[in-house]
Amino acid sequence: MKMVIAIVQDKDANKLGLEFVKANVRATRLATSGGFLRSGNTTFMVGIEDDRVAEVLEIIKETSHTRKQFMTPAVSLDVSMESTATTPMEVQVGGATVFVQDIEQFHRF
């Protein structure tokens, strides 16, 4: 038995949840935040048999996409205490961060 913990961007969470339902994969969904842009994320926790881990990873890979987004860095003050203008920069966001762990015991009550 394995525990798959997948952190995905909120934009991909609904589609991933639907794909888990279609594949008869039970998942616990948690609202989370963080990362470079402090954006909304969703964390899925999946207890799954060892022989289905590859299937779960493929579903996550197919539904969690990276995308480009513009962000404006925080305004900084230089030594003379004058603010410096910042220009938006393009960054890559999204995708999935996935952890797979061995589970010693699994119970469903």
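Keep in mind the model is a prediction, meaning the values are calculated, not measured.

Undergrad: What is the right way to look at the overall build of the chain in this model?
TA: The helix and strand tally for the chain stands at two helices and eight strands. Put simply, the chain runs from its N terminus to its C terminus through helices and strands in the order β-α-β-β-α-β-β-β-β-β. The proportion of buried residues among the 109 residues of the chain is 29%. Long-range pairs, those at least 24 residues apart, make up 68% of the contacts in the chain between residues at least 6 apart in sequence. Accessible area for the chain stands at about 7600 Å²; split by element, carbon and sulfur atoms hold 53% of it.

Undergrad: For this particular structure, what's the right way to read the environment of Val25?
TA: The residue Val25 is located in the loop between helix 1 (10-22) and strand 2 (28-34) in this model. Each C-alpha atom of the pair Val25 and Val56 lies 7.8 Å from the other, and the pair is 31 residues apart in sequence. Beyond its immediate stretch of four places on either side in the chain, Val25 contacts Phe20, Val46, Ile48, Arg52 and Val56.

Undergrad: Could you clarify how one ought to interpret a nonpolar patch on the surface in this entry?
TA: Residues Leu57, Val98 and Val100 make up a contiguous nonpolar surface patch of about 190 Å² in total accessible area. Within the secondary structure, Val100 sits in strand 8 (residues 96-102). Since its relative accessible area comes to 41%, Val100 is described here as partly exposed.

Undergrad: How should the nonpolar core be read in this particular structure?
TA: The tendency in soluble globular proteins is for nonpolar side chains to be buried as a group. One finds Leu16, Phe20, Val25, Ile48, Val56 and Ile60 to be the most contacted residues of the largest nonpolar core, which totals 15 residues. Only strand 1 (2-9), helix 1, strand 3 (39-48) and helix 2 (53-63) provide two or more residues apiece to this core. Beyond its immediate chain neighbours, meaning those up to four positions away, Val56 contacts Val4, Phe20, Val25 and Ile48.

Undergrad: How should I be thinking about the packing of helix 1 against helix 2 in this particular structure?
TA: Relative orientation and spacing of two packed helices are given, respectively, by the angle between their axes and the distance between those axes. Between helix 1 and helix 2, the shortest axis-to-axis distance is 9 Å and the interhelical angle comes to 145°. In this structure, the crossing between helix 1 and helix 2 has a hand that is right-handed. Taken together, the residues of helix 2 that come into contact with helix 1 (itself represented by Asp12, Lys15, Leu16, Glu19 and Phe20) are Val56, Ile59, Ile60 and Thr63. Here the residues of the contact of helix 1 with helix 2 are counted per class, giving five nonpolar, one polar and three charged.

Undergrad: Which parts of the structure should I look at to understand the packing of aromatic side chains?
TA: Each aromatic ring pair is characterised by the separation of its centres together with the angle its planes make. As enumerated under the stated definition, the model contains one aromatic pair in all. With a centroid separation of 5.6 Å and 80° between ring planes, the pair formed by Phe20 and Phe44 is classed as edge-to-face. Placement of Phe20 in helix 1 and of Phe44 in strand 3 is noted, with a sequence separation of 24 residues between them. The exposure class of Phe44 is buried, given its relative accessible area of 2%.

Undergrad: It is not clear to me how the side chain of Thr43 should be interpreted in this structure. Could you clarify?
TA: Residue placement: Thr43 occurs in strand 3. Take Thr43: its relative accessible area is 8%, and that puts it in the buried class. Engagement of the side chain of Thr43 in a polar contact is seen with the side chain of Thr32, the distance being 3.1 Å.

Thresholds, definitions, all that
Residues numbered from 1 in each chain as written. Predicted model: local features only at pLDDT ≥ 70, side-chain atom pairs only at ≥ 80, totals over all residues. Heavy atoms only, no water. Helix = DSSP H or I, 4+ residues; strand = E, 2+ residues; numbered from the N terminus. Buried < 20%, exposed > 50% of the residue type's maximum accessible area, 1.4 Å probe, protein only. Contact = heavy atoms within 4.5 Å. Areas by Shrake-Rupley, 256 points an atom, 1.4 Å probe, with all protein chains shown as cover. Patch = residues over 30% accessible without salt bridge, like charges linked within 9 Å, V, L, I, M, F, W, Y side chains within 5 Å. Salt bridge = Lys/Arg side-chain N within 4 Å of Asp/Glu carboxyl O. Core = buried A, V, L, I, M, F, W, Y, C linked by side-chain atoms within 4.5 Å. Axes fitted to C-alpha atoms, helices over the stretch in contact; angles between N-to-C directions. Left-handed = near helix turned anticlockwise from the far one by under 90°. Nonpolar A, V, L, I, M, F, W, Y, C, P; charged D, E, K, R; others polar. Phe/Tyr/Trp six-rings, centres within 6.5 Å; stacked < 30°, edge-to-face > 60°. Polar contact = N/O pair within 3.5 Å; in protein donor to acceptor, adjacent residues only side chain to side chain.

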